[in-house]
Amino acid sequence: MKNKFIAERHLNYVNKGAAMAKSDVVAASMSDCINLSIGNPDFDTDQRVIDAAFADAGNGCTGYTNFQGDPELRAEIAKMYKEEYDMDVKDGQILITPSGCGSLYMIMAMICEPGDEIIVQAPYFSSYCLQIELNGGKIVELPTYEEDDFQVKPERLEALITDRTKAILINSPSNPTGNCLSVETMKEIAAIAVKHDLLVIADDIYTAYSYQDKFVPFASLPGMMERTITINSASKDYIMCGWRVGNVILPEDMMEVALRINQGMIFCAPSVSQRALIHAIRMRHEVQPAVVEEFKKRLTYGAERVNAIKNMHTVFPPKGTFYLWINIKDTGMTSNEVSEYILEHAHVLLLPGNNFGDCGEGFLRASLTVPVEKIKEAFDRIEKLDIFK
Ligand code: PMP
C-alpha cells in the first residue's frame, strides 16, 4: 500500500489477523462450505428487546445521549452488578461505549505511551494487536498451555514484567480457548498486579457463557476495583453484535480522560442501541438461558465429535464461550496446513490457531455459530479425511 497522506506507521503495519480474510474469500467461492470461522452468533437479538428498543426510538430516543451514556443504562448496569455479583459500582465508573472493540481501542489510546508493554493472556482475540499497536503500545504474549488447563501461570507472568509493563489483559471465558480462569488463578494475577503496581484489563465479554462455575468478575476480587478496567459488551452476552454497544467500568479517576477520548471518537454510543441494552439487561433472565443452553449443547456435541476423531482432541466437558479449541498437533502438520487441508478437502472453514498468537500454533478454532445439524455435517466430512485416519 502506498499513499503519501497515510502515516508511515500504518503503511508498515503487518496485520496478523489478515490470514482470516483470505480463507473467507476461498470459503465464499464454495457453495457447500460450512463456515465455522466467525464469532457472530447465528441467532437474532431477542424480539422483545428489539420491540422495546424500537418503541423507545419511536418515542424520540434518536438523538445524542449524555456523553457518558444514557443515565438509565448506567443505573441498570450498576443494579445488575449488585444483583449478580454483590458489587458496588459507582455511576462515576461506568462509561457506555460502542462495544468491546471501541472500549479496548479507547483504553489503549488512554494508557499507552509509545513502547509501553501490555501483557496479554494468549492465545488471544486477534484485534488486541490492532488496539494496542495502533496506539503505540507493544503486545507481549503471555502463553497459556493445555497441560496447565489454559490457566495463567504466575511465574510465567512475572517473568514478562519489565519497567515498561503498563497492564495485563486477561479474557475469561476466553476467545479462542473456551476456557475460564479459576478464581485461584485470578487471585494470583491480582497479587502480581499489586506487587508490580500494574493495571488489569479484564475482557469480560462472554460472561453468560460460563458453563461450570458462575462467572466471577476480576474487579470483584479484594482491592482490584481500583486497578481494573472491565470490558463489557452486549455483542455476545445478549446476542447484539450489530448494535455496537457495551461499556467499561473503570477507576473513577480515569473517567475524565476516557470520556474525552470516547467523545472524540463518537460523542456517545448509538442511542437506540443503548435503549436496547437497557431492555436486554432488564430481561436477561428471560432472554439469555435458551441461547446459553443451545451453545452449551453445541459445544458438548462438538467436543464429543472432536475427541472421537484420531489426531485431534479438545477440552471436555467444555467450560465456556461458543468456541472449540482443537489440538491438531498429532497430525504432524501446522495449523495453517491443517486448516487449508480441511477447507480444500472437506469444505469446512476453521481458523488456524496461530491467528490468535504464537502459542496457538498446533490448534484450530471452531466457532459453533451454526446449528447442530451443520456441526454434525462438518465433523462427518472431517473425520473421513486422510490426515485423521
Ligand atoms: N473481546 C473478545 C475476546 C472478543 O472475542 C470480541 C469479539 N469477538 C471482542 C472483544 C469485541 O467484541 P465487540 O466489539 O463486538 O464487543
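What you are looking at is a predicted structure, and each value in this text was computed from that prediction instead of being measured. (Residues numbered from 1 in each chain as written. Predicted model: local features only at pLDDT ≥ 70, side-chain atom pairs only at ≥ 80, totals over all residues. Heavy atoms only, no water.)

K.L.:
In this structure, what is going on with empty space enclosed by the protein? I would like to understand it.
P.N.:
Tallying each qualifying case throughout the model produces two cavities of 30 Å³ or more. Its boundaries defined by the atoms lining it, the largest cavity holds a volume of some 70 Å³. At three residues, strand E9 (residues 323–327) tops the list of elements feeding residues into the lining of the largest cavity. Residue composition of the lining of the largest cavity, by class: six nonpolar, five polar and one charged. Both domains that furnish three or more residues to the lining of the largest cavity are identified here as domain 1 (8–45 + 286–388) and domain 2 (47–284). Surrounding the second largest cavity, Glu-146, Phe-150, His-313, Thr-314, Val-315, Trp-325, Asn-327 and Phe-363 form its lining. Among the residues making up the lining of the second largest cavity, the classes are represented as four nonpolar, three polar and one charged. (1 Å grid on protein atoms, 1.4 Å probe; cavity = no way out; pocket = protein on both sides within 12 Å on 5 of 7 lines; lining within 4 Å. Points joined across faces, edges and corners; volume = space filled by probe spheres on them. Helix = DSSP H or I, 4+ residues; strand = E, 2+ residues; numbered from the N terminus. Nonpolar A, V, L, I, M, F, W, Y, C, P; charged D, E, K, R; others polar. Domains from an automatic or database assignment.)

K.L.:
Would you mind showing me how to read the site of the ligand here?
P.N.:
In the neighbourhood of the ligand, 14 residues make up the surrounding shell, with Gly-100, Asp-203, Tyr-206, Ser-233 and Ser-235 lying closest. Between the ligand and Gly-100, the relevant distance is 2.7 Å, taken from an oxygen atom to a main-chain nitrogen or oxygen of the residue. With respect to the ligand, the side chain of Ser-235 contributes an N or O atom lying 2.6 Å from an oxygen atom. Those elements that place two or more of their residues in the shell around the ligand are helix H5 (99–111) and helix H9 (234–237). Sorting elements by how many residues they give to the shell around the ligand places H5 first, with three residues. (Near = heavy atom within 4 Å. Polar contact = N/O pair within 3.5 Å; in protein donor to acceptor, adjacent residues only side chain to side chain.)

K.L.:
Can you help me understand the pairing of strand E6 (residues 199–203) in this one?
P.N.:
Each regular strand shows side chains that alternate between the opposite faces of the sheet. In terms of burial, E6 is a largely internal element, five of the five residues being buried. Residues Leu-199, Ile-201 and Asp-203 point to one face of E6 and Val-200 and Ala-202 to the other, with burial holding for every one of them. Bridging between strand E5 (residues 165–171) and E6 involves five bridges; their strand directions are parallel. By the bridge assignment, Leu-169 is partnered in E6 with Ile-201. (Buried < 20%, exposed > 50% of the residue type's maximum accessible area, 1.4 Å probe, protein only. Pairing = 2+ DSSP bridges.)

K.L.:
Just checking my understanding: could you explain the domain arrangement of the protein for this structure?
P.N.:
Size of an interface, as often reported, equals the accessible area lost when the parts are brought together. Partitioning the protein into domains gives domain 1 (8–45 + 286–388) and domain 2 (47–284). Taken over C-alpha atoms, the centre of domain 1 sits 25 Å from the centre of domain 2. Between domain 1 and domain 2, roughly 3600 Å² of surface is buried when both sides are summed, and carbon and sulfur atoms account for 58% of that area. Where domain 1 touches domain 2, the interface holds one salt bridge. As a salt-bridge pair, Asp-149 and Lys-319 come within 2.8 Å of each other at their nearest N and O atoms. (Buried area = accessible area lost by both parts, 1.4 Å probe. Salt bridge = Lys/Arg side-chain N within 4 Å of Asp/Glu carboxyl O.)

K.L.:
Even after reading the chapter, I still don't get the sheet that holds strand E7 (residues 228–233), so can you show me in this structure?
P.N.:
Paired through their backbone hydrogen bonds, the strands of a sheet run either parallel or antiparallel. Reading across the sheet, the seven strands line up as E2-E8-E7-E6-E5-E3-E4 and stay open at both edges, with mixed pairing between neighbours. At either end of the open sheet lies a strand with only one pairing partner, and these are strand E2 (94–97) and strand E4 (138–143). Here the average twist between neighbouring strands, direction ignored, is 20°. Most of the contacts of helix H4 (residues 71–85) go to E2, to which it runs at about 120°, and overall it touches E2, E7 and strand E8 (246–249). (Axes fitted to C-alpha atoms, helices over the stretch in contact; angles between N-to-C directions. Contact = heavy atoms within 4.5 Å.)

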